[in-house]
Amino acid sequence: MARLHPFTTASFAATTAVVVIASGSRWAAAATVLACAVAAVRTGRLRRFAAACAAVLGPLWASQLMIHALVDRSGAAALWEVGPLRITAGGLDTALGLGLRAAVLVAVGTLAALAVDRHDLVAAIDAAGVPAQLGYIVGAAFGLGPQLAGRSRAIGRAQALRGAGGRGPAGWLRAVRLRAVPLVVATVQDAALRSGHLAARGFPASGAVVRYREVADSRRQRLARRIAPAAGAVLAVVLIAGGGALP
Amino acid sequence: MSTSPSAPPSLLAAPGSRGPSRRSTILGAAGLAVLAGTYIVLLATRPDAVAGGLGEAAALGAFAGYLAAALLLLAAVLPELPTEAVVLIPAALALNIVLGQFVGSVMLPLYLDSIGTVLVGFLAGRRAGAATGLMGTLIWSLFNPTVLPFAAGAGLIGFLAGTAARWGLVRRVYLAPVAGLATGVVAGVVSAPVAAFVFGGTSGVGTGALVAAFRSMGDGLLSAVTKQALISDPGDKAVVFLAVALLVAALPPRLLRGFRSPAARRDP
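In this text, all values refer to a predicted model and were calculated from it rather than measured experimentally.

### Quick word on the overall build of chain B
Move 1: Helix and strand counts for chain B stand at 10 helices and zero strands.
Move 2: Every one of the 268 residues in chain B was classed for burial, and the buried ones make up 57%.
Move 3: Sequence-distant contacts in chain B: of pairs separated by 6 or more residues, those separated by 24 or more amount to 74%.
Move 4: A total of about 10,600 Å² of accessible surface is found on chain B, and carbon and sulfur atoms cover 68% of it.

Shown next as structure tokens:
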């Protein structure tokens, strides 16, 4: 199968999420999440997919359970009641509906993010005719994250070697200061140097520039990624107006 | 290139101060109008059911409205940023993650994930601060899609940080937490409808417990989420503003010289 352009992947993912959420169907939501998991298995990304989804959905589901299932005030018959806690079938049902809605968004979004090559994404943004600053910021953010994390660890090791920090809240605050100040100073210093170099080379460039990375694209993909969101929006309006056509 | 006669030349120095262009003003106003419109519609309709039927419409409407506002605001501010602000933004986004993780590792009940955004607001001004908040959320959504509709709120935090610096609240470090408190109130109120109508509450266990407590006392969902946000966000932003004001005070003057924000200019 030909590789999808990053924007095509994003367009299809957004359309899927919107239509499934608009349908209000729990079966459609569960099937979508399952389909995303199957796609992750087939592309060898199941572990990363599951870990990313669990990290987001775990606390979110716990929060939704607490808010809707534990303190239902709808007046429905309680399944279990003690003090301010009041569990009802309606509350559990609301929490389930919200949980599935969030699961669709997270599963589809995570799968799309895992499917997109970050270098392709940056190249696609660069070639899309949007301000050059956007491509620079996205590309640099991907590169600088690991670099700064490594620098932060190195600063922490150096401070530990000289016995800086200490126990208790005061020691922790001192440790934070001793790590944050050199990290921020070095980061701003680097940005200052980079700014000069970029400005000297005429950033942001106006006019034609040479690109060293081409992202696979086709007329069919361009058409599909424009039609899909529009069709999805229309379908979503129809589904919502009809109160959800699916069970 | 124009530089102030009293200041030594700097590689960072931007060409003379420019106001926003007509295009930027229109796009910014459109973004704010969409944000305000979505907020007012959500407050006016307040669907009872958060899941199913109107609940799905409110969720999609809130998501789409807030995201559209964020994209319009980004289109307004991004093309006009000077190079020194553009290079600072990705570094600030990485700082948000690295410092946020370090603080999070000790189980403090604070997010402190907007340190980089506030730093850019203080150093490079309102538009750069707003762009940092917006871009940070858009990039972070690749790892956590649920943050996407909160982009406008994050942009607002950066914008208000730049505004605080412009009003001189950062040069007196003791005023920084006050500006942070006010920023937290605005950010909390703006983000509450998204949390309530898109996700049915909050995304964290601790904040969820707070919302549940307010609900058990008889509050509606939006009211409970807003109260929780008004408890969590101002304190967090006050700490962040104070921390960043102290960090800016610790930066060597030669580094600050090129930035145009008042926070970057020290009192003699």
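### Let's talk about the overall build of chain A
Move 1: Broken down by element type, chain A carries eight helices and two strands.
Move 2: Ordered by position from N to C terminus, the α and β elements of chain A give α-α-α-β-β-α-α-α-α-α.
Move 3: Over its C-alpha trace chain A gives a radius of gyration of 24 Å, far above what one expects of a compact globule, namely 18 Å for 247 residues.
Move 4: In terms of overall dimensions, chain A has a C-alpha envelope of 65 × 60 × 30 Å along the principal axes.
Move 5: For chain A, buried positions account for 42% of its 247 residues.
Move 6: For chain A, the share of sequence-separated contacts (at least 6 apart) that also reach a separation of at least 24 residues comes to 68%.
Move 7: Of the accessible surface of chain A, which amounts to about 13,400 Å², a share of 65% is contributed by carbon and sulfur atoms.
Move 8: Positive and negative side-chain charges in chain A, numbering 27 and 9 respectively, have mean positions lying 8 Å apart.

### Some points on the interface of chain B and chain A
Move 1: The interface of chain B with chain A comprises 67 residues on the first partner and 61 residues on the second.
Move 2: Between chain B and chain A the total buried area reaches about 5,400 Å² when both faces are included, carbon and sulfur atoms providing 78% of it.
Move 3: Here chain B is connected to chain A by zero salt bridges.
Move 4: At the surface where chain B touches chain A, the tally comes to six residue pairs in polar contact (both at pLDDT 80 or more).
Move 5: Counting only elements with at least two residues in the side of chain B that touches chain A, the list comes to helix 2 (54-77), helix 3 (83-104), helix 4 (115-124), helix 5 (126-140), helix 7 (176-199), helix 8 (205-216), helix 9 (221-250) and helix 10 (253-256) of chain B.
Move 6: Among the elements that line the side of chain B that touches chain A, the one with the most residues is helix 3 of chain B, at 15 residues.
Move 7: By residue class, the composition of the side of chain B that touches chain A is 48 nonpolar, 14 polar and five charged.

### Some thoughts on the confidence of the model for chain A
Move 1: Looking at chain A as a whole, its pLDDT mean stands at 87, while 96% of the residues score no less than 70.
Move 2: The lowest-confidence element of chain A is strand 1 (residues 78-82) of chain A, averaging 76 in pLDDT; the highest-confidence one is helix 2 (residues 26-42) of chain A, averaging 95.

### Some points on the environment of alanine 37 of chain A
Residues and elements named next belong to chain A.
Move 1: One can find alanine 37 in helix 2.
Move 2: The exposure class of alanine 37 is partly exposed, given its relative accessible area of 22%.
Move 3: Sequence-wise, alanine 37 and isoleucine 87 are 50 residues apart; in three dimensions their C-alpha atoms are separated by 31 Å.
Move 4: Those residues in contact with alanine 37 that lie beyond four places of it in its chain are Leu46 and Phe49.

### With respect to the pairing of strand 1 of chain A
All names here are of chain A.
Move 1: Where strand 1 meets strand 2 (residues 85-88), four bridges bridge the pair, whose relative direction is antiparallel. Paired with tryptophan 80 across the strands is isoleucine 87, a residue of strand 2.
Move 2: The hairpin turn running from strand 1 into strand 2, its antiparallel successor, is two residues long, and glycine 83 in that turn takes a positive phi close to 55 degrees.

### Examining the side chain of glutamine 221 of chain A
Residues and elements named next belong to chain A.
Move 1: With respect to the secondary-structure elements, glutamine 221 resides in helix 8 (residues 219-241).
Move 2: Assessed through its relative accessible area of 12%, glutamine 221 is described here as buried.
Move 3: Among residues more than four places away in sequence, those in contact with glutamine 221 are Arg3, Leu4, His5, Thr8 and Ala216.

### Quick look at a nonpolar patch on the surface
Residues and elements named next belong to chain A.
Move 1: Taken together, Leu65, Leu79, Trp80, Val82, Leu85 and Leu92 make up a surface patch of nonpolar side chains, about 540 Å² in accessible area.
Move 2: Considering each element in turn, the nonpolar patch owes the most residues, three residues, to strand 1.
Move 3: For leucine 65, the location among the structural elements is in helix 3 (residues 46-69).
Move 4: Judged by relative accessible area, which is 43%, leucine 65 ranks as partly exposed.

### A word on the packing of aromatic side chains
Move 1: For the coordinates displayed, the defined rule picks out four aromatic pairs over all chains.
Move 2: Arranged with centres 5.4 Å apart and planes meeting at 40 degrees, the rings of tryptophan 140 of chain B and phenylalanine 143 of chain B form a pair that is tilted.
Move 3: Geometrically, the ring pair formed by phenylalanine 150 of chain B and phenylalanine 199 of chain B is stacked, given 6.2 Å between the ring centres and 20 degrees between the ring planes. With a gap of 49 residues between them, phenylalanine 150 of chain B in the loop between helix 5 and helix 6 (151-166) and phenylalanine 199 of chain B in helix 7 connect regions that are remote in the sequence.
Move 4: Just above the ring of phenylalanine 142 of chain A sits the side chain of arginine 118 of chain A; from NZ or CZ to the centre is 5.1 Å.

### Some points on the pattern of salt bridges
Residue and element names in this part refer to chain A.
Move 1: Per the stated rule, a full pass over the model turns up nine salt bridges over all chains.
Move 2: One salt bridge in this structure joins arginine 151 and aspartate 190, with 2.7 Å as the shortest N-O distance. Note that arginine 151 is positioned in helix 6 (residues 132-161) and aspartate 190 in helix 7 (residues 168-200), a separation of 39 residues in sequence.
Move 3: A salt bridge links arginine 225 to aspartate 217, with the shortest nitrogen-to-oxygen separation between them at 2.9 Å.
Move 4: Each member of the salt-bridge network shares a partner with another, and the members are Asp117, Asp120 and Arg213.

### Section: the packing of helix 4 of chain B against helix 9 of chain B
Geometry of a packed helix pair, given as the angle between the helix axes and the separation of the axes.
Residues and elements named next belong to chain B.
Move 1: At a minimum axis separation of 9 Å, helix 4 and helix 9 run at an interaxial angle of 55 degrees. Accordingly, the angle class assigned to the pair helix 4 and helix 9 is oblique. By crossing handedness, the relation of helix 4 to helix 9 is classed as right-handed. Residues Ile115, Val118, Leu119, Phe122 and Leu123 of helix 4 pack against Val240, Phe241, Val244, Ala245, Leu247 and Val248 of helix 9.
Move 2: For the contact of helix 4 with helix 9, the class distribution of residues is 11 nonpolar, no polar and no charged.

Rules used in this analysis
- Residues numbered from 1 in each chain as written.
- Chains lettered and ligands numbered in written order.
- Predicted model: local features only at pLDDT ≥ 70, side-chain atom pairs only at ≥ 80, totals over all residues.
- Heavy atoms only, no water.
- Helix = DSSP H or I, 4+ residues; strand = E, 2+ residues; numbered from the N terminus.
- Buried < 20%, exposed > 50% of the residue type's maximum accessible area, 1.4 Å probe, protein only.
- Contact = heavy atoms within 4.5 Å.
- Areas by Shrake-Rupley, 256 points an atom, 1.4 Å probe, with all protein chains shown as cover.
- Rg over C-alpha atoms; globule rule 2.2 N^0.38 Å.
- Lys, Arg positive; Asp, Glu negative; His and termini not counted.
- Charge placed at Lys NZ, Arg CZ, Asp CG, Glu CD.
- Buried area = accessible area lost by both parts, 1.4 Å probe.
- Salt bridge = Lys/Arg side-chain N within 4 Å of Asp/Glu carboxyl O.
- Polar contact = N/O pair within 3.5 Å; in protein donor to acceptor, adjacent residues only side chain to side chain.
- Nonpolar A, V, L, I, M, F, W, Y, C, P; charged D, E, K, R; others polar.
- pLDDT = per-residue confidence, 0-100.
- Pairing = 2+ DSSP bridges.
- Patch = residues over 30% accessible without salt bridge, like charges linked within 9 Å, V, L, I, M, F, W, Y side chains within 5 Å.
- Phe/Tyr/Trp six-rings, centres within 6.5 Å; stacked < 30°, edge-to-face > 60°.
- Lys NZ or Arg CZ within 6 Å of the ring centre and 35° of its normal.
- Axes fitted to C-alpha atoms, helices over the stretch in contact; angles between N-to-C directions.
- Parallel < 35°, antiparallel > 145°, perpendicular 65-115°, else oblique.
- Left-handed = near helix turned anticlockwise from the far one by under 90°.

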